[in-house]
Amino acid sequence: MTRAAVAAALDELATLLALKGENDFRTRAYSNAARLIDALDGDLHAMLADGRLARVRGLGDAMVQK
């Protein structure tokens, strides 16, 4: 998946969680992750493989795992 596709999927999940009535914190976490991923420079797969993605401020461990 491309960086844009991952960001779009996370944004869609945020919308679905909000519609479902999930916790606002969780919904915002997905929304924020989508924005952060979309704004990154470089190859997302390489960033994940070498651990740089885990060091992005605003992305928690659970979100990086997903």
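Residues numbered from 1 in each chain as written. Predicted model: local features only at pLDDT ≥ 70, side-chain atom pairs only at ≥ 80, totals over all residues. Heavy atoms only, no water.

1. Topic: the overall build of the protein
Heads up, the rule is: Helix numbers and strand numbers start at the N terminus; a helix is a DSSP run of H or I with at least 4 residues, a strand a run of E with at least 2. Three labels apply to residues, based on accessible area from a 1.4 Å probe with only protein chains included: buried if under 20% of the type maximum, exposed if over 50%, partly exposed otherwise in between. Any two residues whose heavy atoms approach within 4.5 Å at even a single point are treated as in contact.
Per the secondary structure count, the protein includes four helices and zero strands. Traced from its N-terminal end to its C-terminal end, the protein shows the element sequence α-α-α-α. Each principal axis of the C-alpha atoms in the protein carries an extent, and together these give about 35 × 20 × 15 Å. Here the protein holds 66 residues, and 27% of them are scored as buried. Long-range pairs, those at least 24 residues apart, make up 40% of the contacts in the protein between residues at least 6 apart in sequence.

2. Some remarks on a nonpolar patch on the surface
Worth spelling out the cut-off: Excluding any residue in a salt bridge, patches collect residues exceeding 30% relative accessible area, merging like charges within 9 Å and nonpolar Val, Leu, Ile, Met, Phe, Trp and Tyr side chains within 5 Å. Surface accessibility follows the Shrake-Rupley procedure with a 1.4 Å probe radius. Residue values consider only the protein chains on display as shielding. In what follows, salt bridge is the name for a side-chain nitrogen of Lys or Arg lying within 4 Å of a carboxyl oxygen of Asp or Glu.
Nonpolar side chains collect at one region of the surface, where Leu13, Leu16 and Leu19 lie side by side and expose about 320 Å² of accessible area between them. Turning to its location among the elements, leucine 16 is positioned in helix H1 (residues 3-20).

3. Description of the layout of surface pockets
Quick reminder of the rule: A cavity here means a set of 1 Å grid points, computed over protein atoms only, where a 1.4 Å probe fits but cannot escape. A pocket is an open set with protein on both sides within 12 Å along at least 5 of 7 lines, and lining residues have an atom within 4 Å of a point. Grid points are joined across faces, edges and corners, and a volume is the space filled by probe spheres set on the points. Polar here means any residue other than Ala, Val, Leu, Ile, Met, Phe, Trp, Tyr, Cys and Pro, which are nonpolar, and Asp, Glu, Lys and Arg, which are charged; Gly is therefore polar.
There is about 310 Å³ of room inside the largest pocket. It is H1 that contributes the most residues to the lining of the largest pocket, four residues altogether. Taken together, the residues of the lining of the largest pocket sort by class into 12 nonpolar, two polar and one charged.

4. Concerning the confidence of the model for the protein
For the record, the criterion: For every residue, the predictor assigns a confidence score, pLDDT, that lies between 0 and 100.
Looking at the protein as a whole, its pLDDT mean stands at 93, while 100% of the residues score no less than 70. Mean pLDDT across the elements of the protein bottoms out in helix H4 (residues 61-65) (90) and peaks in H1 (96).

5. Some thoughts on the pattern of salt bridges
Under the defined criterion, the tally for this structure stands at three salt bridges. Between glutamate 22 and arginine 26 there is a salt bridge, and its shortest N-O distance comes to 3.4 Å. You can call glutamate 22 partly exposed: its relative accessible area is 25%. Residue arginine 26 is classed as partly exposed on the basis of its relative accessible area of 35%.

6. Observations concerning helix H2 (residues 24-39)
We count it as follows: Helix span, as expected, comes to 1.5 Å for every residue beyond the first.
Over its 16 residues, H2 runs 22 Å from end to end, which matches the ideal 22 Å to within 8%, given 1.5 Å per residue. Residues of H2 that are buried sit in contact with H1, helix H3 (44-49) and H4.

7. A few points about the nonpolar core
What tends to happen in soluble globular proteins is that the nonpolar side chains get buried as a cluster. Convention followed: Only buried residues count toward a nonpolar core, which is a set of Ala, Val, Leu, Ile, Met, Phe, Trp, Tyr and Cys residues joined through side-chain atoms within 4.5 Å.
By size, the foremost hydrophobic cluster in this structure holds 17 residues, and its most contacted members are Leu10, Ile37, Leu40, Leu53 and Leu59. Among the elements that line this core, the one with the most residues is H1, at five residues. Setting aside chain neighbours within four positions, we find isoleucine 37 in contact with Arg3, Val6, Ala7, Leu10, Leu44, Leu53 and Leu59.

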